[in-house]
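Residue-level listing of the chains:
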Amino acid sequence: MKSARQIAFDILIKIHRSEAYSNIELDSALKSSGLDKRDSALVSNLVYGVSERLITLDYNIEQHLTGKLKKLKPEVLIILRLGAYQILFADKIPDSAAVNESVKLAKINGCSFAAGLCNAVLRKISKSGLIFPDDKYKPEYLSVKYSFPKWLCAMWQKAYGEENAEGIMKTACEKPPIYIRVNSLKTTTEQLLDIFKSEGVEAFPVEEYPWTLRISDTGDIEALGSYKKGLFHVQDLASQLCAEALDAKEGMTVFDVCSAPGGKAFTVAERMNNKGLIKAFDIHEHRVKLINSGAERLGVSIIEGKIGDAERYEAANGYADRVLCDVPCSGLGIVRRKPEIRYKEKILIDKLPLLQYRILENASNYVKPSGRLIYSTCALNPEENENICKKFIENHKVFKMVKPLKDRYYNDDCGCITLMPHLHGTDGFFIAAFERLD
């Protein structure tokens, strides 16, 4: 059986080569690993830790190389990152063990030629400790300290100020909370708390959110009896607030134009007491199946998962009292859940606003007079958020902007809401609301 460090190495190599998401590769590897709980935790810690701290690790490794980092063989670089992470961030692992195990990995994985290099570099890192650039107020310092690309550090500083920018980055290096939405169609918060206790799940009520619990020590959530019975679904507070902002009532017709996997539609259905109609669209058939299967598990009967292109108007769909437009985005608000997102190329992110605006514009065609349209992203980026909304309202006088959640949370100049992890305890999220006038 492979060791925990070997499995972590295998996962990181795969991520490096295929740009796969760490959470997906990690879940797949652990299910077939045969590791006990302790070693599985070590693998998770190493994979997520290295993924989150790439820029920090590479900067510190390069301080002790005679050549350039980019000239290293990928396998050697991954081994050095694993070793450096254990030395610099894993307090419970002795430096000597981190060095020795890294040398073993080099020998086992066809890199014996680099065993001496790994040994020397890691010992130097152990001696010197964390190294940062000198100027604490420049993007380069924040980039190395929190492992974000310099362009992103600068963008957040400009958009949200230095204090908020650092708060976003600092929170992204912490373990994200897990929130669940209690299925009000099947149980109550108090009943589910008792059930979780019997299942060995730690659960805590969340102030101001009567149908929300924060949970921990769950193990495999989908293996829980309470999950299989449809008593809850996993959903961050930000997404629950987005569903609240939609303000859907019993008997209404709701369109969710970018729905899969359906979490917001599920919450909306529960808020509607399963009375009315929700058409939940996605362009891919397999993702539509996720929506329908999730609704079936939860006992929601008013959701119709349907194939639909959010950029293309289909008159046959009819009109809706409420339209939710949660568009594809950069994901810059959920980097603590998917650390690789922070390393996306800026040029790819810069292309998103064109798509996002087209989807918002198309979604607006389905809104009934006096109906409400919600635009949302899990991005912290004005180009994907406020600027889209300002352009839309300038070009569509039949809509007016309204406050999504009255006076709750941070409202910017255009009346939108920007949720930040360090301020609100949520994922980074943006919500804007429009009302049709005619």
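Our subject is the structure that appears above.
Computed from a prediction, not measured in an experiment: that's the story for all the values here.

Caption draft 1: Expanded view of the layout of surface pockets. Empty space within the second largest pocket amounts to approximately 780 Å³. Glu19, Leu54, Glu340, Tyr343 and Lys344 are the residues nearest the centre of the second largest pocket, which is lined by 28 residues in total. Sorting the residues of the lining of the second largest pocket by element identifies helix H1 (4–18), helix H3 (37–52), helix H4 (54–62), helix H5 (74–89), helix H8 (139–146) and helix H16 (346–350) as the ones contributing at least two each. The dominant element in the lining of the second largest pocket, judged by the number of residues it contributes, is H4, at four residues. Class assignment of the residues belonging to the lining of the second largest pocket gives a composition of 16 nonpolar, four polar and eight charged.

Caption draft 2: Spotlight on the sheet that holds strand E4 (residues 232–234). A sheet is described by the order of its strands in space; here four strands give the open sequence E2-E3-E1-E4, paired in antiparallel fashion. The sheet is open, and its two edges are formed by strand E2 (202–206) and E4, each paired on a single side. Ignoring which end each strand starts from, the neighbouring axes of this sheet average 35° apart. Of the strand pairs in this sheet, strand E1 (residues 178–182) and strand E3 (residues 209–216) are connected by four bridges, and their pairing is antiparallel. Looking at E3, one finds that Ile180 is bridged to Leu213. Those strands touched by helix H11 (residues 189–198) are E1, E2, E3 and E4, and its axis lies near 15° from that of E3.

Caption draft 3: Just unusual backbone geometry, in detail. Cis peptide bonds are those with omega within 30 degrees of zero, and the linkage from Ala260 to Pro261 qualifies with 5°. Looking at the element boundaries, Pro261 is found in the loop between strand E5 (253–256) and helix H14 (263–271). Even without a glycine there, the phi angle at Asp247 is positive, about 60°. On the secondary structure map, Asp247 appears in the loop between helix H13 (237–246) and E5. At Asn274, a position not held by glycine, the phi torsion is positive, near 60°.

Caption draft 4: Summary view of the pattern of salt bridges. The final tally for this structure, using the stated rule, is 20 salt bridges. Across the pair Glu101 and Lys104 runs a salt bridge whose closest N-O atoms are separated by 3.4 Å. Of this pair, Glu101 and Lys104 both sit in helix H6 (residues 95–108), three residues apart, which is roughly one turn of that helix. A residue is classified by how much of its surface remains accessible, and Lys104, at 45% relative accessible area, is partly exposed. Arg337 is the partner of Asp427 in a salt bridge, and the nearest nitrogen-oxygen pair spans 2.9 Å.

Caption draft 5: The environment of Tyr21, seen in detail. Its location among the elements puts Tyr21 in the loop between H1 and helix H2 (22–31). What makes Tyr21 partly exposed here is its relative accessible area of 30%. Dropping the residues within four chain positions of it, Tyr21 is found in contact with Lys338, Glu340, Ile341 and Lys344.

Caption draft 6: Structural context of H3. When the terminal C-alpha atoms of H3 are compared, their 22 Å separation across 16 residues agrees well with the 22 Å that a helix rising 1.5 Å per residue should span. Those residues of H3 that sit buried are Ser40, Leu42, Val43, Ser44, Leu46, Val47, Gly49, Val50, Ser51 and Glu52. Packing partners of the buried residues in H3 comprise H1, H2, H4, H5, H8 and helix H10 (162–172).

Caption draft 7: Layout of the packing of H6 against helix H7 (residues 115–128). Across the interface, H6 lies against H7 with an axial gap of 9 Å and an inter-helix angle of 160°. Compared by their axis directions, H6 and H7 come out roughly antiparallel. In this structure, H6 crosses over H7, and the sense of that crossing is right-handed. Two secondary-structure elements touch here, H6 through Asp95, Ala98, Val99, Asn100, Ser102, Val103, Ala106 and Lys107 and H7 through Ala115, Cys118, Asn119, Leu122, Arg123 and Ser126.

Cut-offs and rules
Residues numbered from 1 in each chain as written. Predicted model: local features only at pLDDT ≥ 70, side-chain atom pairs only at ≥ 80, totals over all residues. Heavy atoms only, no water. 1 Å grid on protein atoms, 1.4 Å probe; cavity = no way out; pocket = protein on both sides within 12 Å on 5 of 7 lines; lining within 4 Å. Points joined across faces, edges and corners; volume = space filled by probe spheres on them. Helix = DSSP H or I, 4+ residues; strand = E, 2+ residues; numbered from the N terminus. Nonpolar A, V, L, I, M, F, W, Y, C, P; charged D, E, K, R; others polar. Pairing = 2+ DSSP bridges. Axes fitted to C-alpha atoms, helices over the stretch in contact; angles between N-to-C directions. Contact = heavy atoms within 4.5 Å. Salt bridge = Lys/Arg side-chain N within 4 Å of Asp/Glu carboxyl O. Buried < 20%, exposed > 50% of the residue type's maximum accessible area, 1.4 Å probe, protein only. Expected span 1.5 Å × (residues − 1). Parallel < 35°, antiparallel > 145°, perpendicular 65-115°, else oblique. Left-handed = near helix turned anticlockwise from the far one by under 90°.

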